[in-house]
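Architecture at a glance
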Amino acid sequence: MWNWKMIYEDNDYVCYLDIENITDSKADEDGLYSSFECYRSISDRVVVWAMFFIKNREIVDKYKEYLKLKGSLTEGYRDYNNSLCLIEFDAEKGLYRAIPALDYNSQGRELGTSKIIADKGKSFIKGLKGDWSPVKSRGTNKAIPGIFKFLYKPDSITS
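Quick notes on the rules
Residues numbered from 1 in each chain as written. Predicted model: local features only at pLDDT ≥ 70, side-chain atom pairs only at ≥ 80, totals over all residues. Heavy atoms only, no water. Salt bridge = Lys/Arg side-chain N within 4 Å of Asp/Glu carboxyl O. Helix = DSSP H or I, 4+ residues; strand = E, 2+ residues; numbered from the N terminus. Buried < 20%, exposed > 50% of the residue type's maximum accessible area, 1.4 Å probe, protein only. Expected span 1.5 Å × (residues − 1). Arc of directions from axis to C-beta. Polar contact = N/O pair within 3.5 Å; in protein donor to acceptor, adjacent residues only side chain to side chain. Core = buried A, V, L, I, M, F, W, Y, C linked by side-chain atoms within 4.5 Å. Contact = heavy atoms within 4.5 Å. Phe/Tyr/Trp six-rings, centres within 6.5 Å; stacked < 30°, edge-to-face > 60°.

One pass over the structure, following the stated rule, counts four salt bridges. Here arginine 45 makes a salt bridge to glutamate 88, at a shortest N to O gap of 2.9 Å. Note that arginine 45 is positioned in strand β3 (residues 45–54) and glutamate 88 in strand β4 (residues 80–90), a separation of 43 residues in sequence. Between aspartate 90 and arginine 45 there is a salt bridge, with its nearest N and O atoms 3.9 Å apart. Taken together, the residues span a long stretch of sequence, with aspartate 90 in strand β4 and arginine 45 in strand β3 at a distance of 45 residues. When its relative accessible area of 8% is taken as the criterion, aspartate 90 is described as buried.

Below, the structure is given as structure tokens:
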């Protein structure tokens, strides 16, 4: 079972981090990707799983409307509850990017491929970007620097 740690919460969103699945995003000299089981310091490039719950029903309704317009809304989305994203960090450059994975209902059943970060950079999770973006930016979702600080020293965020 995954071990989820709450990283951030506000009136609109809650973000949890899967602390058991933190993996290098660059292979080592042998072509292997280190995970937390390797007992060595975390590399400059890692990927983590994050779960975003949207508490604001207005945002959820806009997301469902977007899915409907794109022709991908199914009946299960009436009970949409959260989205799973893969977040990649480049600590050396102070950058991150989010890759939406799956959407779930309130019973934890998979609804389909997430489109929480939509076309042309539009995101239904405020400040969450699919392209490489700065961790330390006024427009970045507060969960991102929270995850970064969990992974690295708080003073390691570059400008």
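Let us look at helix α1 (residues 57–69). An α-helical turn contains 3.6 residues, so a residue and the one three or four places further along point in the same direction. The terminal C-alpha atoms of α1, which comprises 13 residues, lie 18 Å apart, in line with the 18 Å expected from a rise of 1.5 Å per residue. Those residues of α1 that fall on the buried side of the exposure criterion are Ile59, Val60, Tyr63, Lys64, Tyr66 and Leu67. Viewed along the axis of α1, the buried residues span an arc of 155 degrees, placing them on a single side of the element. Looking at α1, the residues exposed on the side facing more than 90 degrees away from the buried face are Glu58, Lys68 and Leu69. For α1, the N-terminal capping position is held by asparagine 56, with its side-chain oxygen 2.8 Å away from the main-chain nitrogen of glutamate 58. Glycine 71 lies just past α1 and shows a positive phi near 75 degrees.

By size, the foremost hydrophobic cluster in this structure holds 37 residues, and its most contacted members are Phe52, Ile87, Phe89, Ile116, Leu128 and Ile147. Of all elements in the fold, only β2 (13–24), β3, α1, β4, β5 (95–105) and α2 (143–151) reach the threshold of two or more residues within this core. Among residues more than four places away in sequence, those in contact with isoleucine 87 are Val46, Val47, Val48, Ala50, Phe52, Tyr96, Arg97, Ala98, Leu128 and Ile144.

This paragraph deals with the side chain of asparagine 141. Counting through the fold element by element, asparagine 141 comes out in the loop between β7 (133–134) and α2. Take asparagine 141: its relative accessible area is 5%, and that puts it in the buried class. With residues near it in sequence (within four places) discarded, asparagine 141 still touches Tyr13, Phe52, Ile125, Lys126, Gly127 and Leu128.

One pass over the full model with this rule turns up eight aromatic pairs. When the ring of phenylalanine 148 is compared with that of tyrosine 152, the centres are 4.9 Å apart and the planes differ by 40 degrees; the resulting orientation is tilted. Like phenylalanine 148, the residue tyrosine 152 is buried in the burial classification. These aromatic residues form a ring-pair network of at least three members: Tyr63, Tyr66, Tyr77, Tyr80 and Phe124.

Geometry only, nothing functional implied.
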